[in-house]
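# Examination of the molecular architecture
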Amino acid sequence: MGNSLKAVLAFVPSNKCQKYLLEDLEEMPVDKMVDLSGRQMRRLPVHICSFRELVKLYLSDNNLNHLPPELEQLQNLQILALDFNNFKALPLVVCTLKQLCILYLGNNKLCSLPLELRLLQNLKTLWIESNCLQYLPEVVCELSLLKTLHAGSNALRALPPQLQCLQELRTIWLSGNLLSEFPPVLLDMPFLEVIDVDRNSIRFFPSLAHLPGLKLVIYDHNPCRNAPKVAKGVRRVGRWSEETPEPRKRSGAVIEITLDEKPLLPPAAKTEPE
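Every chain is numbered on its own, with residues counted from 1 as its sequence reads. Confidence filtering applies because this is a predicted model: local features only for residues at pLDDT of at least 70, side-chain atom pairs given and counted only at 80 or more, and all residues used for totals across whole chains, interfaces and linings. For side-chain calculations, the full set of non-hydrogen atoms in the structure is used, while hydrogens and water are omitted.

The chain is annotated in an unreviewed UniProt entry as LRC10 protein of Irena cyanogastra.

## Describing the overall build of the chain
What counts is decided by this rule: Each helix is a run of H or I in the DSSP string that is no shorter than four residues. Each strand is a run of E no shorter than two, and both are numbered from the N terminus. Partly exposed describes any residue whose relative accessible area lies between the buried limit of under 20% and the exposed limit of over 50%, with all areas from a 1.4 Å probe on protein chains only and scaled to the type maximum. Residues count as neighbours in contact if any of their non-hydrogen atoms are within 4.5 Å of one another.
From N to C terminus, the chain includes two helices and twelve strands. If you list the helices and strands of the chain from N to C, you get α-α-β-β-β-β-β-β-β-β-β-β-β-β. Relative to its full complement of 274 residues, the chain shows a buried share of 47%. A separation threshold of at least 6 residues defines the contact pool for the chain, and within that pool the share at least 24 residues apart is 27%.

## Things to note about the packing of aromatic side chains
Keep this limit in mind: Only centres within 6.5 Å qualify two rings of Phe, Tyr or Trp (six-membered ring in Trp) as a pair; their planes then separate them into stacked at under 30 degrees, edge-to-face at over 60, and tilted for everything else.
Applying the stated criterion to the full structure yields three aromatic pairs. Relative to W127, the ring of Y104 has its centre 5.7 Å away and its plane inclined at 55°; by these criteria the two rings are tilted. Placement of Y104 in strand 4 (residues 102-104) and of W127 in strand 5 (residues 125-127) is noted, with a sequence separation of 23 residues between them. When sorted by exposure, Y104 lands in the same class as W127, which is buried. Ring-pair connections join several aromatic residues into one group, and the members of that group are F182, F205 and Y219.

## A short note on the sheet that holds strand 8 (residues 194-196)
Threshold: Strand pairing is assigned whenever DSSP identifies at least 2 bridges connecting the two strands. Orientation is described by axes fitted as lines to C-alpha atoms, over the contacting stretch for helices, and by angles from 0 to 180 degrees between their N-to-C directions.
Spatially, ten strands are ordered 1-2-3-4-5-6-7-8-9-10 in an open sheet, and the strand pairing comes out parallel. Edge strands, defined here as strands with exactly one partner in the open sheet, are strand 1 (33-35) and strand 10 (235-237). Taking each pair of neighbouring strands and ignoring which way they run, the sheet shows an average axis angle of 5°.

## Quick notes on the pattern of salt bridges
Just so we agree on the cut-off: Should a side-chain nitrogen of Lys or Arg be within 4 Å of a carboxyl oxygen of Asp or Glu, the pair is scored as a salt bridge.
Per the stated rule, a full pass over the model turns up three salt bridges. In this structure, R118 engages E142 in a salt bridge whose closest nitrogen and oxygen atoms are separated by 2.8 Å. Of this pair, R118 sits in the loop between strand 4 and strand 5 while E142 sits in the loop between strand 5 and strand 6 (148-150), placing them 24 residues apart in sequence. Residue K215 pairs with E193 through a salt bridge whose shortest N-O separation is 3.9 Å. Taken together, the positions of K215 in the loop between strand 8 and strand 9 (216-218) and E193 in the loop between strand 7 (171-173) and strand 8 put the pair 22 residues apart, joining distant regions of the chain.

## Regarding the nonpolar core
The following threshold applies: Side-chain atoms within 4.5 Å link the members of a nonpolar core, which is a set of buried Ala, Val, Leu, Ile, Met, Phe, Trp, Tyr and Cys residues. Bear in mind that the domain bounds are from an automatic or database domain assignment.
Grouped together as the largest cluster of nonpolar side chains are 69 residues, with contacts concentrated most on L163 and L186. Formed jointly, this core draws a minimum of three residues from each of two domains, domain 1 (21-109) and domain 2 (133-243). If we skip the residues at most four places from it in the chain, L186 touches L159, L163, I172, L174, L192, I195 and L211. Within the second largest apolar cluster, seven residues are counted, among which are Y58, A81, I102 and Y104.

## Things to note about the side chain of N108
The test is simple: Distance and chemistry together define a polar contact, namely a pair of N or O atoms within 3.5 Å, with one atom able to donate a hydrogen and the other to accept it when in protein, and with adjacent residues in sequence counting only for side-chain atoms on both sides.
Along the chain, the position of N108 falls in the loop between strand 4 and strand 5. Among the polar contacts made by the side chain of N108, one reaches the main-chain amide nitrogen of N86 at a distance of 3.3 Å. If near-sequence neighbours (up to four positions away) are discounted, N108 is found in contact with L82, D83, F84, N85, N86, F87, S130 and N131.

## Observations regarding unusual backbone geometry
For N107, which is not glycine, the phi torsion reads 55° and is therefore positive. In this fold, N107 is placed in the loop between strand 4 and strand 5. The phi dihedral of S153 falls on the positive side, at around 55°, and the residue is not glycine. Structurally, S153 is set in the loop between strand 6 and strand 7. Look at S153 and you get partly exposed, because its relative accessible area is 38%.

## Examining the confidence of the model for the chain
What counts, and what does not: Each residue carries a pLDDT score, the predictor's confidence in it, ranging from 0 to 100.
On average, residues of the chain score 86 in pLDDT, and 79% of them reach the 70 mark or higher. When the criterion is pLDDT under 50, residues 4-12 qualifies, and its contacts beyond four places in sequence or with other chains add up to 17 contacts. Scored below 50 in pLDDT, residues 248-265 shows 34 contacts in the model against residues more than four places distant or in partner chains.

In structure tokens:
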């Protein structure tokens, strides 16, 4: 009953209805965080934008498809969660929040990202998984402090060579895309620690043994005939990993050995900036 009532009130712009949705949130929270996730809102109450010292704003799991221009007032915001909404385009006002460190955009309907995203030069974590991206927007390659990129469950077929400019990047999640070959640009990124290419269409893996920073590579659920070679101490998750040998040829036939181990999934919980 409570959720149904909120769903009805989300359509109604009156101050009383918005006050109900905010649960009498009239003053700046002591922890400088506002969590309005799962309220079935179709618009962000502008009143929130008056909390100018706000550091964290969670708007996940609503019905938002735009944001008010007043959001620009939140110049101290470091974490913004817009995942599980109905955005077809990233509102440009988000790109004015220059202190953002973490931006969650997953599970929307994004087909691209605006060039203005380059203004977020403090961004360290970007989640754009489960959207409609057929290519990785090159503007992402201009986020010089980016450490974690989650671009899984899109329709990516390749990665731009400019990605190697992200020398702070340590973790890249690319599971559930349309990669037919291991992205060559990743071979020129020795600082990467985690590479996830699970659930793609990669048939051959080049050696990754030359990547000194690599700690984990997830390559399961690909139609590959070999496992990527890695340096000692690097964990592999997939067929013919350290627990089982690669297939041996007998009379021209390849004997496949399956691995029951489930792939390590990216963390579901939202993380704080370092």
